[in-house]
Amino acid sequence: MHLSAFAFGKLPSKSSSRFLLYGVLVGLALSLTTTSVIAYYQERKRKRAELAFEPRPIELRSDEVVKGVTGLIGNTPLVRINSLSDALGVEILGKAEFMNPGGSVKDRVALRMIEDAEERGLLHPNTGSRIFEGTVGSTGISIATIARAKGYEATIIMPDDVAEEKVKALLALGATVERVRPASIVDKKQFVNLARDRAKNFGSGPDSAHPSNEKYRAHLIPTASSSVLVTTTADEALADEMLMDPYEAREFAMKPRGFFADQFENRSNFYAHYDGTGPEIWRQTSGWIDAFVSGAGTGGTIAGTGQYLKSRKKDVFVALADPEGSGLYNKVKHGVMFDRKEAEGTKRRHQVDTVVEGIGINRLTHNFELALPIIDDAFRVTDAEAVAMSRYLVHNDGLFLGSSSACNLVTCIKLVKMMGWGSGQRVVTILCDSGNRHYSKFWNDDYLAKANIPVDTGIIDRLLAEPSRVQHMISDTPTACMQEF
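A few points on the structure.

### Topic: the sheet that holds strand β12 (residues 426–431)
Alright, step 1. The strand order across the open sheet built from six strands is β1-β2-β12-β9-β10-β11, with neighbouring strands paired in mixed fashion. Each having just a single partner strand, β1 (78–80) and β11 (377–381) make up the two edges of the open sheet. In this sheet, neighbouring strand axes are inclined to one another by 30° on average, regardless of whether the strands run parallel or antiparallel.
Alright, step 2. Both strand β9 (residues 291–295) and strand β10 (residues 317–323) contribute to a ladder of five bridges, which runs parallel. Counted as the bridge partner of Phe292 is Val318 from β10.
Alright, step 3. Helix α9 (residues 300–312) contacts β9, β10 and β12 of the sheet and is inclined by roughly 170° relative to β9.

Structure (structure tokens):
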């Protein structure tokens, strides 16, 4: 029986060593060649994709004038977050939605909801009509801005614990503001429910045109949506079979109406992003995008943008950024809308237990349901992480952003680490609003100290320094070695 020289601890012969060396060199050459070929074809594919788009640099053009403030909404720049991109070896790109005239991504939603209502004949400008909405602030500011531009009044119902800057902005825009205690959606006094109720009763009350100044109720106008509610002060309700001559139809249309926009359930929210934000990102990246990250309150942004991007490139990774206290993270991860901070006696506020405003919710909206099939993963972001990110961006990039933007960017880091990326992949997220609406809470160190939320930019440095999941897997794998007998 012949035994290998290795069995006796002897070195292989010179010829065997030579063949072994040749084998290693050939294998290494093939590996490098294969890697180079793959990289070449990937770069070639990317350049071909870019050629499919008509290049249009960001510039001021003398032949381009927009009509009024609504013409400024959308087509926001896509900005590279230099500090995070350089640290991670990928491209972190932020859609600068804070550059909309109303200061946030919600301008798109407000404009689409109002224009869709006008197109369906539910709203008519300059008729004394009033738009009602329940919001934590940004959508209200957007509605108030567009309402003024289009000839409507606005009534905004909001929780009494939102940042004071948002209330002041609404009042400056001429909106009627009603602040109420935070409550669950099942409570009739919850801010969204109150907005619906105010719209339903718009125009009801004493009126000199009616005998004895007796109270009368506004009439509901049938709509195609179960969420959108429209009332009119006209004396007769519009029945489906009712026929009117052109004069009567005009008189009916010119009567003041109350319109409940209902951003949480209104499908126009979804389409504002499916028809706007998504296509813009696709064009701005020339189709070169690996992941999209977004938080969710109503769910319209992640649903509309995510669905559009997936329709163009099915392997775009869609990730949810969710703050503390919100149930959406667990809905995506475990199929259950519950958060551990909802345990009795542990909450600072009724809706979502976080200093982050604009994203996070503990109920399933129609718009977020549209997002569930296309969300690939969800990431929890702590208040401390969001605060740290906001300060880190000011210090390193000169970007002064709000809480939801900070949440999104923390999630970008966590996603890149989880995926083991570091070779130029592109991650796009939403920079929802700037920090100028958050002075009294998120950007107030005294407030944060009282809420036991640390201000420590080192949190981001440590997140960036953490090894990726792939690095963990490599370090945990035992090194194969030859054993001596």
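Now that the structure has been shown, the text picks up again.
### Remarks on the sheet that holds strand β4 (residues 153–159)
Alright, step 1. Pairing within the open sheet is mixed, and its six strands lie in the order β5-β4-β3-β8-β7-β6. The outermost strands of the open sheet, each flanked by one partner alone, are β5 (176–180) and β6 (219–221). Across this sheet, the average inter-strand angle for adjacent strands is 20°, counted without regard to direction.
Alright, step 2. With five bridges connecting them, strand β3 (residues 130–134) and β4 associate as parallel partners. Across the sheet, Ile131 pairs through a bridge with Ala154, a residue of β4.
Alright, step 3. Against the sheet, helix α4 (residues 138–150) touches β3 and β4, its axis set at about 175° to β4.
Alright, step 4. Against the sheet, helix α6 (residues 191–200) contacts β3, β4, β5, β7 (229–232) and β8 (257–260), and its axis sits at roughly 160° relative to β3.

Calculation rules
- Residues numbered from 1 in each chain as written.
- Predicted model: local features only at pLDDT ≥ 70, side-chain atom pairs only at ≥ 80, totals over all residues.
- Heavy atoms only, no water.
- Pairing = 2+ DSSP bridges.
- Helix = DSSP H or I, 4+ residues; strand = E, 2+ residues; numbered from the N terminus.
- Axes fitted to C-alpha atoms, helices over the stretch in contact; angles between N-to-C directions.
- Contact = heavy atoms within 4.5 Å.

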